[in-house]
Structures are given as C-alpha cells and as structure tokens.
Amino acid sequence: MLYSLLSKSQVKVRILKHLAAAVSASLALSAISTLKPSPVTAAGDIPPAQTSTQLAAKPDSSLQLGQLRSTVPVQTMQLEPGGFIPIAIGSMIIILVLPLFFGGLVVIGDREVGIVSKNFSFGGKSLPPGDLIALNGEAGYQADTLPPGWHWGYWPLQYNVRKESLTVVPQGEIALIIAAGGASIPPQRILGKITECDNFQDARKFLLGGGEKGRQLGIVTGGSYRINTALFTVITAANATKHGMTAEQLKLYTIAPDRVGIVTTFDGVPIQDGEIAGPIIPNHDNFQNAQKFIAAGGRRGLQEQVLLSGSWNLNPWFVGVDQVAMTEIPIGYVGAVISYVGKTSEDVSGAAFTHGNLVNVGNKGVWVTPLYPGKHPLNTRILKVELVPTTNIVLNWSGKTERHSYDSKLSSLTVRSQDGFAFDLEVAQIIHVGALDAPKVISRVGSMQNLVDHVLQPTIGNYFRNSAQAYSVLDFLSARSGRQAEAAEYIKAALRTYDVQAIDTLIGDILPPAELMQTQTDRKIAEEQCKTYEVQQVAQTQRQQLVRETALAEIQQEMVKSEQGVKISELKANSQVKQAQGEAESIRVKGNAQAEAYRAGVVALGGSGYTALQLMQIIGDRNVRVVPDVAVSGNGSSGGLVDGLLGMMMWNQTSKNGDNGGELPVVKLPKSEPAAKLPVAKVNSVKPPESRANSPVANSEADIDSLFGELPFDDRSFS
C-alpha cells in the first residue's frame, strides 16, 4: 500500500495537498473555458467587476497595484451571462471525477472491506518465492485491507481495490479458516498454529507472527469480521458444502443431558506406546483452545477426558466427539470398574487375595472401590464397568431362564445312579455377591457370566454326578431332602473360596427312566386301587350303618313303645308272681291248717265218717242239688221216656221264665297243694242226656266231681 510506510500525520498532509491541488486545477480549467477577449482599454477605465475578473484570471502574485493603474493597453475577458450553469456542472464533474483518476480516491462503505491488489511497484519490488501476500509494497495482494472511509492515492492504473462485504458468522455457529500464506506446517502436525492476529483480521500480524498456511487450529465465533479474503478462506455454514463439509459441523457442538462426549483429537503428538488414550491435559477449556492443548503436550487420538452436557466451540478439524449415554448403575447392583489407562500401581487387595490385583481409583486395573447405584459420566472407551448384582441371584439348571440371563446356557443335569440308570436332574442355586466383594470376583473371573460358566456350572454339575452314583434312582427319589442338604453344605464351602455366598441349593424335578417309572406307576396304581377298594368297603359299611341307623331312627318310636311295653309286662308279671307267691303261701297255710283239721276229724270220726261229713258240708255250702229236678223211673212202662222228655221241656221252659231262680250258684274253693287222689265215696247218678249238658243238674254234678278231685287227702291220711 502507498501510505503503509508513512506516519499518520504525513498521510493527512499528503491527502490535504492532493485535495487542494485538485480543487485549484478544477477552478482554473472552469474559468478558462468560460472567458473570451474584449477591446483594449486603459487600466483606469476598467470597471470593478472586470478588474476583479482580470485579477482572478491573472493570479500572479508579483503584479503590483500601481502597474494596474498605468495607462497601458490591456486585453480583458468578459463573462457571458449564460455561462454560470456550465461552469457549475463542469466544476462538479471535475471535483468528483478527476480525483478518482488523478487523486486515486477509494471510498469503502461501513459494511465493507477493501482488498488491495497492486499491479506494479515503482521500486521494482517483487514477492519472494512462495509468498502470496505483499508486506513491503511489492506487487500483488497486499496484507493490509482498507477500512470504511475515503482513501487517496490508489490510482486505478497501479491499484485494484476489491470491495467485499464483512465476514458474518451467525450466533450459534463457527467459521473455519484456511490460510493461503504463511510458514509451512511442521510434519508432526496437520493444522496451523494459532497466532495473535485479532481473529484473522490483521493479516500482517498473522504473517509476521509466524502464522502457518493451510487449515488453522483457530476458529472464528459468532460476529462480524474484516478479514482479508486474499489471504484467508473463511468456511461458514452457508458455504460449507463447497468445501466438503456439512452445515451441522459448523454449528456449536451440543451434548445432550444424561449423555457424555467421548473425544478424539486429530492433532498433537502421538500417544505413547502401551497406551490407548491421551492423558488428561489441563487448562484448554474443554478442547476449545486447541493451541493450549497442543502446547501442553496433548496427544492425538482417543482422550481420557470427556465432555459433559452443554454447547462447545469445537474445531471439527481438530476434535471429534462421539456421544454415548452415561453409565447407569441400577438399584440392586454395583459396578466393578476395569480401567485400561492410568498409572500402573501396586496391588492393594492384600496378601490373602492371591487370584487377582486391585488398584486405587484412577489407576490401570480393577478399581478396589466399586461404583454404586446412579449415573456416572464415564469414558466407556477406556473404562469397562461390569455390573454385579448385590441381590440374591437364582440360577436354574433347567429349561427356565431368569431375567438376568446368566443361566441361559444352563440345562438340566444328566446323572447316572448306582444301579446304572441315567436320569435328568433339575437344580436351582441361589447365590449372593457382596458390594465390597464385587471387585474381587471380577478380578478373579472377569465377569458374572464367567463366574457362572467357569465356576458354578462345573462345581454343581460334578457334585451331583458324583453323589448320584452312591444311590439308586429310587433311593435318590425317596431321600431327595437329604441329598439337597448335603449338596447345600458342599457347594457353600466350595463357593466361599471365590468370595461368593451360596444361599441355598434346591433340587427340582427328578426325571428317572420312563420304563422304571412305568413299573413304579403300575405298582402305585395297584396300591392305590387296593386303597380305593378298602375305602369303598369302608364306605359300604358306613352306608349300611347309615341305613341301619336310618331304619332305627324311623322305628325308634315303636322300639321305645315296645321297650316300655316289655318293661310294663315284666313289671306286671313280677307283680303277678309276687301276688301268686303270696296267694300260694296263703293257700299253703290254709291247706296245712285244713289238713290238721282233717287229721283231727279223721281221728275223731274216722276216715269214712269224716269224709261223708265234709261232703255233706260242701254240698250244703254250694247249694248242690242232690235230688234231680226231673226223675224218670224205669219201671218198664212205655211212657217213662216220654214223660221224662216232657218233664225236661217243662223244666227248661220254666227255667227260661225264671221260675226256679235260674242256675244255681257254684262256690269255688281256692286251689291247694295237689294231693294224691284218695278213693272217696261217690253218689251214683244218672248221666243226663246231651240236651241237658248245660242244665243246672249237669253243672252241679260237674262241681261235685271237681270237689272230690280237689280234696287234699288220700286213703293214707285216715290210717
């Protein structure tokens, strides 16, 4: 640039001189073009107006006033009356146009920047080889730009000033810079270093400060900038596709809540051998100041540091971010952390733990402290978290699979019994891992799935295969509770060495051979049938008993009546027996008394006499008729039978009419002890005919006969 090497005061003086010269030249040319010659007159005759015009036409400062007043011939110029308007127009054209060509005036608007290109240099200066931007007035693109305003001295023949709009980066976006000039980027880096150059608005500072050509580490954030586009190519979201990028890459990088950004840098020194990620570098504002990251020894590649939720001004040429979810430890679990980066430190697990190493948090290895339930912003590329359930875990050696799926590869155990039968056995094992024991378990076996596959499966499987050979199938079936208790004790002791607690061991279904079970089934069915028959028999007995009880209930009333009748009869019989016994005793006493009386009578009267006496007494007491009512004699006359019949008829007739008082009363004596019949005197009587069987005579004869039979003495009583 022409004035780039001058001070500001010198630049102002030169601009004023150029302006004054341009105005003077414009006025002179306009005056000359409007004047014409007039007749010669004396100086004294010159009117004031002409004098002034002449003076203006002759601005020579050496002209004296006295000379004007001398009488010499003078040719004057007169101004025509219609020449003022052309003079004004010409003056305006001269003032506005001529400076553009002769004064080199360039006007830059408020929202513009002037990019200067010099066509040639009077001193013959040229750019050094490899340079594109002139710093010392060489021909070519100039490092300095023109700010808004009027700028003189940029003659069109020597300078080409290109007016461009300001570079505007919208809020929420960034702009990337590619420098066309500057030093070469070192081979160990791929981006140009950041140089203090007022956000790439001062190209001179950029070049003099060691700025490097190519893609830049520095970025331009939201705002308006006067950037020399001859040196810098600005990539924004509007023109990103022209440079092989997307508009999203040139926006603020936003990390969503509950997510974490895993960072990979593309510039810096290589990662050390044996490491997979670069160490954490402080004071680079979360990778937003790339120059500080590289200056502090930051390494390219995967980084240990992560980005948390928020918006970040990140250079996509320098850093790439992969968002992943935060590591969540559910309730009922802890996280055993395996770190692949960090310092290698000593084992802190203690001398008793000999099957792995535990390290402090931040070092390489299995961390001694687990992660507890919650969300943790971890870099999952360098840290691995093994979830370890702290609740009871049920593992099934069967077709059933729990939600944790640790037992998805387990199946029922096939064992062989002592009697040679192979059968399937289903087992369930309940285990528990303590929170502080989780790192030890992971350090020993690597994961919970490895614990199941490499520890629990062979331990439990081999135990049941060995124990089954000591029993027959039926013994194993019948004593499964004992087998279960033995298995629980053995497995608890075996898992204790792996820092795992065996809560319980449960034997599920036992599936013996089908043919063996068929025989057992048949036998059991037969036994059950026997029991069924017995139960049916008992049921029939019960049914009979029910029928009997029902019948008894129905006749209970009658039975009660009968029982009461029997009891009444028994009581009556007993009463009659007692009465009969009393009567018998009374008769016996009376009989004995009568016998004594008879003996005394016999002694006194003799047997025959006393008998006749007694007979007469009885006949008298009982009113026995000795003389028949009708007597029929048998004297041989033929009328005796007829007379007898007629007499009987008359007697019967009179008996019916009650003339004779009816039937004679019969006196019955009480029966005494039976005695041998003694020969007594009998009165001969004529046997009444059958028609008189019921007559009083017949009855009297019968009574007499019975009386003789009732006499209690015999022939011996009179001897």
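Conventions adopted
- Residues numbered from 1 in each chain as written.
- Predicted model: local features only at pLDDT ≥ 70, side-chain atom pairs only at ≥ 80, totals over all residues.
- Heavy atoms only, no water.
- Phe/Tyr/Trp six-rings, centres within 6.5 Å; stacked < 30°, edge-to-face > 60°.
- Helix = DSSP H or I, 4+ residues; strand = E, 2+ residues; numbered from the N terminus.
- Buried < 20%, exposed > 50% of the residue type's maximum accessible area, 1.4 Å probe, protein only.
- pLDDT = per-residue confidence, 0-100.
- Contact = heavy atoms within 4.5 Å.
- Pairing = 2+ DSSP bridges.
- Expected span 1.5 Å × (residues − 1).
- Bend = angle between axes of the 7 residues up to and from the residue.
- Core = buried A, V, L, I, M, F, W, Y, C linked by side-chain atoms within 4.5 Å.
- Salt bridge = Lys/Arg side-chain N within 4 Å of Asp/Glu carboxyl O.

If you walk through the whole model with that rule in mind, you get 11 aromatic pairs. Ring plane angle 70° and centroid distance 5.2 Å describe the contact between F200 and F232, whose orientation is recorded as edge-to-face. You can see F200 sitting in the loop between β10 (175-179) and α5 (203-208) and its partner F232 sitting in strand β13 (residues 232-235), a full 32 residues away along the chain. No difference in accessibility class separates F200 from F232, as the two residues are buried. Summarising the aromatic geometry, the rings of Y463 and Y490 are spaced 4.8 Å apart at their centres and angled 20° between planes, so their arrangement reads as stacked.

Averaged over the chain, the pLDDT score is 79; the fraction of residues at 70 or greater is 74%. Ranking the elements of the chain by mean pLDDT puts helix α3 (residues 65-68) last, at 35, and strand β15 (residues 259-265) first, at 97. In this model residues 35-79 is a low-confidence stretch, pLDDT under 50, and it forms 40 contacts with partners more than four residues away in sequence or in other chains.

Another point: the sheet that holds strand β5 (residues 133-134). In spatial order, the strands read β5-β6-β4-β8; together these four strands make up an open sheet with mixed pairing. Each having just a single partner strand, β5 and β8 (159-165) make up the two edges of the open sheet. Sheet analysis places strand β4 (residues 112-118) next to β8, joined by seven bridges and oriented antiparallel. Along β8, the bridge assignment pairs V113 with E164.

Taking 1.5 Å per residue as the helical rise, helix α12 (residues 607-621) with its 15 residues ought to reach 21 Å, and the 21 Å between its terminal C-alpha atoms agrees with that figure. All of the buried residues along α12 are G607, Y610, T611, Q614, L615, I618 and I619. N623 occupies a position one or two residues after α12 and carries a positive phi of about 55°.

Further remarks concern helix α8 (residues 448-468). Because each turn of an α-helix spans 3.6 residues, side chains separated by three or four positions in sequence point in the same direction. Given a rise of 1.5 Å per residue, 21 residues ought to cover 30 Å, and the 28 Å separating the end C-alpha atoms of α8 matches this to within 8%. Of all bends in α8, the biggest is about 35°, found at L456, and the proline P458 comes one to four residues later.

This brings us to the nonpolar core. Counting residues in each nonpolar core, the largest one holds 41 residues, and the members touching the most others are L395, W397, I431, L451, F464 and L495. Tallying contributions element by element places α8 first for this core, with nine residues. Not counting chain neighbours up to four residues away, the residues in contact with L451 comprise I431, V441, V445, L456 and V500. Formed by 23 residues, the second largest nonpolar core is a distinct cluster that contains I235, I294, L307 and V319.

Quick look at the pattern of salt bridges now. Summed over all chains, the structure comprises 14 salt bridges. Across the salt bridge formed by R204 and D144, the nearest N and O atoms sit 2.8 Å from each other. Of the two residues, R204 sits in helix α5 while D144 sits in strand β6 (residues 140-146), which places them 60 residues apart along the sequence. Judged by relative accessible area, R204 falls into the partly exposed class, the value being 23%. Judged by relative accessible area, which is 21%, D144 ranks as partly exposed. The salt bridge involving R189 is made with E212; its shortest N-O contact spans 3.0 Å.

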